[in-house]
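# Structural overview for review
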Amino acid sequence: MPRVGSTPRPTRLIINADDFGLSRGVNIGIIEAAVAEVVTSASMIVNLPAFVDALERAQACPTLSLGLHLNFTAGRPLTAASSLTRRNTGEFYPLPLLVARASLGLLDASDVARECQAQIDRMIEAGFPPTHLDSHRHVHAHPAISSTVAKAAASRGVFQVRVPCEPLRVNARDWRATLKKVGLLVSARISGRTDDHPANHFFGISLQGGKSFAKRLFALIPQLPAGTTELMTHPGYADASLAEQDSYTLERETELRVLCSREFRELLVRCGVVLTSFGNRPSIVPREGELAQHH
């Protein structure tokens, strides 16, 4: 309970769009939501063909805070990351095989570090130093990968690394989302990162799901805690390229429509939610044994 006479902490919300650079249709949708001043940050995939298109569109939206969407599961690496790739194709292992190899200790930490740094460097060289880092399929949260990625990101000046721990109580009836949240929470505990959020809170895993997205989102916003929350979203348009790489297709169009709706913006105003971005949050290097304090 706040002390009598104290000023309550405002509720700030970072609406982050994942998968910028996954396909042209996703890129168009993310920029549309950013121009509508709803999406405030986006995470960019740099090793797929649609990265070039994403860069061109990002130039026209300078207020959008851009981070790296670290990718170890789609396409080819930027480095000779042999422990992350299949010998016969040179492409990344698909998610189940990557997780299995990581769990068995078959990933070379130097491969992980070099590839992470190379993907960050590609953004820097393109003129968009990343303000934050998260990853495709949350691969960076795996205990065998997490600390290496955090150190590699820090070596490039990126200290805001997503910790995808969402409260289990949110949409607890969705057993698939709950199972994913439990797995990510366990991973964070093993990695010792449960309290190391770049934002104070994280939500988004329980929102995914086509027709239920609007209902879940509108129920969440009035319950947002004080402080800063990162809301993970996946707006976009379904195109042929997306369908070849991802099963979450038409649901992205639902997310885009709901996020850009007048009803959603009015809800944010009624609930006193202030939109912000990772670019507006100071990136402070944690002292040894302490958490970075963001104000």
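Residues numbered from 1 in each chain as written. Predicted model: local features only at pLDDT ≥ 70, side-chain atom pairs only at ≥ 80, totals over all residues. Heavy atoms only, no water.

### Considering the confidence of the model for the protein chain
Model confidence for the protein chain is summarised by a mean pLDDT of 91, while 90% of its residues fall at 70 or above. In the model, residues 1-6 has pLDDT below 50 throughout and makes zero contacts with residues more than four positions away in sequence or in other chains. (pLDDT = per-residue confidence, 0-100. Contact = heavy atoms within 4.5 Å.)

### Some thoughts on helix H2 (residues 51-59)
Taken as a whole, H2 has its buried residues at Phe51, Asp53, Ala54, Leu55 and Ala58. For H2, the secondary structure elements touched by its buried residues are strand E1 (11-20), helix H1 (24-35), strand E2 (41-44), strand E3 (65-70) and helix H4 (109-125). (Buried < 20%, exposed > 50% of the residue type's maximum accessible area, 1.4 Å probe, protein only. Helix = DSSP H or I, 4+ residues; strand = E, 2+ residues; numbered from the N terminus.)

### So, unusual backbone geometry
With phi around 60°, Glu37 is a residue other than glycine that occupies positive phi space. Phi angles above zero are rare outside glycine, and His138 is one such case at about 60°. Mapped onto the secondary structure, His138 falls in the loop between strand E4 (133-135) and helix H5 (146-155).

### Focus: the side chain of His142
Relative to the assigned elements, His142 resides in the loop between E4 and H5. When its relative accessible area of 15% is taken as the criterion, His142 is described as buried. The contacts of His142, once residues within four sequence positions are left out, are Val99, Ala102, Ser103 and Ser191.

### A closer look at the pattern of salt bridges
For the structure shown, the criterion picks out 13 salt bridges. Two residues, Glu230 and Arg162, come together in a salt bridge whose shortest N-O distance is 2.6 Å. You can see Glu230 sitting in strand E6 (residues 227-233) and its partner Arg162 sitting in the loop between H5 and helix H6 (175-191), a full 68 residues away along the chain. Like Arg162, Glu230 is buried. With its nearest N and O atoms 3.7 Å apart, the salt bridge here joins Arg262 to Glu263. One network of salt bridges, with partners in common, ties together Asp18, Asp134, Arg162 and Glu230. (Salt bridge = Lys/Arg side-chain N within 4 Å of Asp/Glu carboxyl O.)

### Focus: the side chain of Thr229
With respect to the helices and strands, the residue Thr229 is situated in strand E6. The buried category is assigned to Thr229, whose relative accessible area is 0%. Setting aside residues no more than four positions away along its own chain, Thr229 makes contact with Arg12, Leu13, Ile14, Ala199, His201, Phe203 and Leu224.

### A look at the environment of Ala214
Here Ala214 is to be found in helix H7 (residues 213-220). With a relative accessible area of 28%, Ala214 lands in the partly exposed category. Each C-alpha atom, one on Ala214 and one on Glu255, is 7.6 Å from the other, the two residues being 41 residues apart in sequence.

### Focus on H4
If you check H4, its first and last C-alpha atoms are 24 Å apart, about what 17 residues at 1.5 Å a residue would give, namely 24 Å. Every buried residue belonging to H4 is among Asp111, Val112, Ala113, Glu115, Cys116, Gln117, Ala118, Gln119, Ile120 and Met123, and all of these are buried. Where H4 is buried, its residues meet E2, E3, E4 and H5. Taken from the residues just after H4, Gly127 is the one with a positive phi, measuring 95°. (Expected span 1.5 Å × (residues − 1).)

### A look at the packing of H4 against H5
Viewed as axis vectors pointing N to C, H4 and H5 meet at an angle of 40°, and their least axial separation amounts to 9 Å. Classed by the angle they form, the pair H4 and H5 counts as oblique. Pair H4 / H5 crosses with right-handed handedness. For the pair H4 and H5, the contacting residues are Ala109, Val112, Ala113, Cys116, Gln117 and Ile120 in the first and Thr148, Val149, Ala152, Ala153 and Ser155 in the second. Among the residues forming the contact of H4 with H5, the class breakdown is eight nonpolar, three polar and no charged. (Axes fitted to C-alpha atoms, helices over the stretch in contact; angles between N-to-C directions. Parallel < 35°, antiparallel > 145°, perpendicular 65-115°, else oblique. Left-handed = near helix turned anticlockwise from the far one by under 90°. Nonpolar A, V, L, I, M, F, W, Y, C, P; charged D, E, K, R; others polar.)

### Quick notes on the nonpolar core
Core analysis: the largest hydrophobic core is formed by 68 residues, its most contacted members being Phe20, Met44, Leu66, Phe72, Leu133, Leu217 and Ile221. For Ile221, the residues in contact, after removing those within four places along its chain, are Leu13, Phe264, Leu267, Leu268, Cys271 and Val273. With six residues, the next largest nonpolar core counts Ala141, Ala177, Phe202 and Met232 among its residues. (Core = buried A, V, L, I, M, F, W, Y, C linked by side-chain atoms within 4.5 Å.)

### As for the packing of aromatic side chains
When we look at a pair of aromatic rings, we describe it by the centre distance and by the angle of the planes. Enumeration over the complete set of coordinates arrives at two aromatic pairs. Between Phe72 and Phe92 the ring centres are 6.0 Å apart and the planes differ by 40°, which places this aromatic pair in the tilted class. Taken together, the residues Phe72 in the loop between E3 and helix H3 (95-103) and Phe92 in the loop between E3 and H3 connect sequence positions 20 residues apart. Judged by its relative accessible area of 2%, Phe92 falls in the buried class. Considering the side-chain rings of Phe218 and Phe264, the 6.2 Å spacing of their centres and the 55° angle between planes classify their relative orientation as tilted. In this pair, Phe218 is assigned in helix H7 and Phe264 in helix H10 (residues 262-270), connecting sequence segments 46 residues apart. In this structure Phe264 comes out as buried when scored by relative accessible area, which is 0%. (Phe/Tyr/Trp six-rings, centres within 6.5 Å; stacked < 30°, edge-to-face > 60°.)

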